[in-house]
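# A closer look at the structure
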Amino acid sequence: MQVLKEHPCPNCNSELNFDADKNALKCLHCGAIFPIEKSSQVVEENNIRVFKDAAAIPIEPVTTVIYKCSKCGQETQAGADIAFFECRSCGNNVLNPEAYKTRTITPTGILPFHLSKQEALDVFKQWIGKGFWNDSSLKELSLADKLEGHYVPFFTFDCQTYNQWEGYAGTYYYETIRTKDASGKEVTQSVQRTRWYWREGSFERFFDDILICGNTRITQDQINKIYPFNLQQVELFNPEYLLGWHARAFDKELSDTFDAARNEINDRVQREAAQHLADDTYKDLSVQTRYTSETFKQVILPVWLCQYLFKGKTYHFIINGQTGTISGNKPLSTSKIVIAVVIAIIVIAVLYGMSQ
Ligand SMILES: [Zn+2]
Ligand SMILES: [Zn+2]
């Protein structure tokens, strides 16, 4: 039996949402503000063993829960992995505290939304540029309806690495050779050569909070563009922060997130080893890495997502809900296209004129 929780306003029994501006719960009806009690407990790292054991178990297919609204009596069906939803009839707020338990690993930390919807829209307007925003067809879109605040599950990985590297370092030197130019005249020429020598060494490097997204709807490439998140501000997980926001358990296989973190660590190790090895250049670099003190945690981070149709094409953008960093694809400005076309016509005309 699923335990679904309503979270009414103590004053007026209406819906309470987490308000990013106030950093507190706010009643949608009477406007009363209720601070969220903060825990002084730190968000702890967990041993990677727990993660590896959990990763051996595939993600189970999503079942559903049925919520019967205490206010209007209507029933709403929702995915069992959805942590917050609304009554489909009257909009009453429902928390599903069991949603994250549909997975083998549950979140320990959360970064509350800092950017309100209005602030996110302002970030978008600034990014897209005034010209576009004044385009009536974009104005009519009412992006506010399409902009969604999502609490997205992430995994952070820490580890100490001990790296032994070896390979050939190369130094450049120059040789003067005699050769003949096109007219057969003898000339001297300086040619760059490389002297190779074997080098080896080792270094230690600690990696803190390698952050991998656990939601398949967002690619790691997209999320990399709105990094960093200030994870110092992560708080102990508290479902009250989810009130009024999209929130869903992770759906990426754990083994994939672990592999992504390892690849990121190995890339950075490789780059550092190359710096150690290289003189003017290097080749045949090989690195052996030992990983120790590996830990992880699951944290829920705030992300604004938007997809919209503009003049027949789909565009999307994504905003860091903590810092306001934005990334996405923008429609091209009509005036810029006109200028580009005019330049192209002039270039073709000139080339044609020259060929005559
Ligand atoms: Zn109220
Ligand atoms: Zn209802």
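Everything below is about the structure printed above this text.
It should be emphasised that the depicted structure is a prediction, and the values quoted were computed from it without experimental measurement. (Residues numbered from 1 in each chain as written. Chains lettered and ligands numbered in written order. Predicted model: local features only at pLDDT ≥ 70, side-chain atom pairs only at ≥ 80, totals over all residues. Heavy atoms only, no water.)

## Here we look at the sheet that holds strand 3 (residues 24-27)
- The strand order 2-3-4 describes an open sheet built from three strands, whose pairing is antiparallel. At either end of the open sheet lies a strand with only one pairing partner, and these are strand 2 (16-19) and strand 4 (33-34).
- Pairing geometry for strand 3 and strand 4, over two bridges, is antiparallel. Bridged to Lys26 within strand 4 is Ile33. (Pairing = 2+ DSSP bridges. Helix = DSSP H or I, 4+ residues; strand = E, 2+ residues; numbered from the N terminus.)

## Quick word on the pattern of salt bridges
- Summed over all chains, the structure comprises 14 salt bridges.
- Two residues, Lys297 and Glu45, come together in a salt bridge whose shortest N-O distance is 2.7 Å. Linking Lys297 in strand 15 (residues 281-310) with Glu45 in the loop between strand 4 and strand 5 (46-47), this pair joins segments that are 252 residues apart in sequence.
- For Glu45, a relative accessible area of 30% puts it in the partly exposed group. (Salt bridge = Lys/Arg side-chain N within 4 Å of Asp/Glu carboxyl O. Buried < 20%, exposed > 50% of the residue type's maximum accessible area, 1.4 Å probe, protein only.)

## Quick notes on the coordination of the zinc ion (ligand 2)
- Note on the zinc ion (ligand 2): its protein donors are Cys69 (SG), Cys72 (SG), Cys87 (SG) and Cys90 (SG). The metal-donor distances range over 2.2 to 2.3 Å.
- Every donor counted, the four donor atoms about the zinc ion (ligand 2) form angles of 100 to 117° at the centre, which fits tetrahedral coordination.
- Taken in sequence order, the residues that donate to the zinc ion (ligand 2) follow the motif C-x2-C-x14-C-x2-C. (Donors = N, O, S within 2.8 Å, 3.2 Å for Na, K, Ca; no water. Tetrahedral: all angles 85-135°; square planar, octahedral: opposite > 155°, others 65-115°.)

## Looking at the nonpolar core
- Core analysis: the largest hydrophobic core is formed by 38 residues, its most contacted members being Phe18, Phe124, Tyr151, Leu242, Trp304, Tyr308 and Phe317.
- Judged by nonpolar contacts, the second largest core, of 25 residues, contains Ile210, Phe258, Ala261 and Ile265. (Core = buried A, V, L, I, M, F, W, Y, C linked by side-chain atoms within 4.5 Å.)

## Concerning the side chain of Asn320
- Its location among the elements puts Asn320 in strand 16 (residues 313-320).
- A polar side-chain atom of Asn320 sits 2.8 Å from the main-chain amide nitrogen of Gln322.
- In terms of polar contacts, Asn320 uses its side chain to reach the backbone amide nitrogen of Thr323, at 3.0 Å.
- With near-sequence residues (within four places) excluded, Asn320 lies in contact with Leu115, Ile226, Pro228, Phe229, Pro302 and Thr325. (Polar contact = N/O pair within 3.5 Å; in protein donor to acceptor, adjacent residues only side chain to side chain. Contact = heavy atoms within 4.5 Å.)

## What about the environment of Phe34?
- As for its placement among the helices and strands, Phe34 is situated in strand 4.
- A C-alpha to C-alpha distance of 18 Å links Phe34 and Val94, two positions 60 residues apart in sequence.

## Considering helix 1 (residues 48-55)
- Within the sequence span of helix 1, burial applies to Ile48, Phe51 and Ala54. When helix 1 is viewed along its axis, its buried side chains cluster within an angular range of 120° and face the same direction.
- As for helix 1, its buried residues are in contact with strand 5, strand 11 (148-180), helix 7 (254-277) and strand 15. (Arc of directions from axis to C-beta.)

## What about the sheet that holds strand 9 (residues 93-95)?
- With respect to topology, three strands assemble into an open sheet ordered 1-9-8, the strand pairing being antiparallel. Two strands bound the open sheet, and with one partner strand each, they are strand 1 (5-6) and strand 8 (84-86).
- Bridge count for strand 8 against strand 9 is three bridges, and the pairing is antiparallel. Opposite Phe84, over in strand 9, you have Leu95 as the bridge partner.

## A look at the packing of aromatic side chains
- For the structure on display, the rule yields 24 aromatic pairs.
- Taking the centre distance of 6.1 Å and the plane angle of 80° together, the rings of Tyr67 and Phe85 count as edge-to-face. With Tyr67 in strand 6 (residues 64-68) and Phe85 in strand 8, this residue pair connects regions lying 18 residues apart in the sequence. Summarising the burial analysis for this pair, Tyr67 and Phe85 share the class buried.
- Ring geometry for Phe124 and Trp127: centres 6.0 Å apart, planes at 50°, overall tilted. With Phe124 and Trp127 both in helix 2 (residues 117-128) and three residues apart, the pair spans about one turn of that helix. (Phe/Tyr/Trp six-rings, centres within 6.5 Å; stacked < 30°, edge-to-face > 60°.)

## Quick word on the coordination of the zinc ion (ligand 1)
- Coordination of the zinc ion (ligand 1) by the protein is provided by Cys9 (SG), Cys12 (SG), Cys27 (SG) and Cys30 (SG), with metal-donor distances spanning 2.3 Å.
- Every donor counted, the four donor atoms about the zinc ion (ligand 1) form angles of 99 to 117° at the centre, which fits tetrahedral coordination.
- Mapped onto the sequence, the residues coordinating the zinc ion (ligand 1) show the spacing C-x2-C-x14-C-x2-C. With Cys12 in the loop between strand 1 and strand 2 and Cys30 in the loop between strand 3 and strand 4, this residue pair connects regions lying 18 residues apart in the sequence.
- Taking the relative accessible area as the measure of exposure, Cys12 reaches 29% and is therefore partly exposed.

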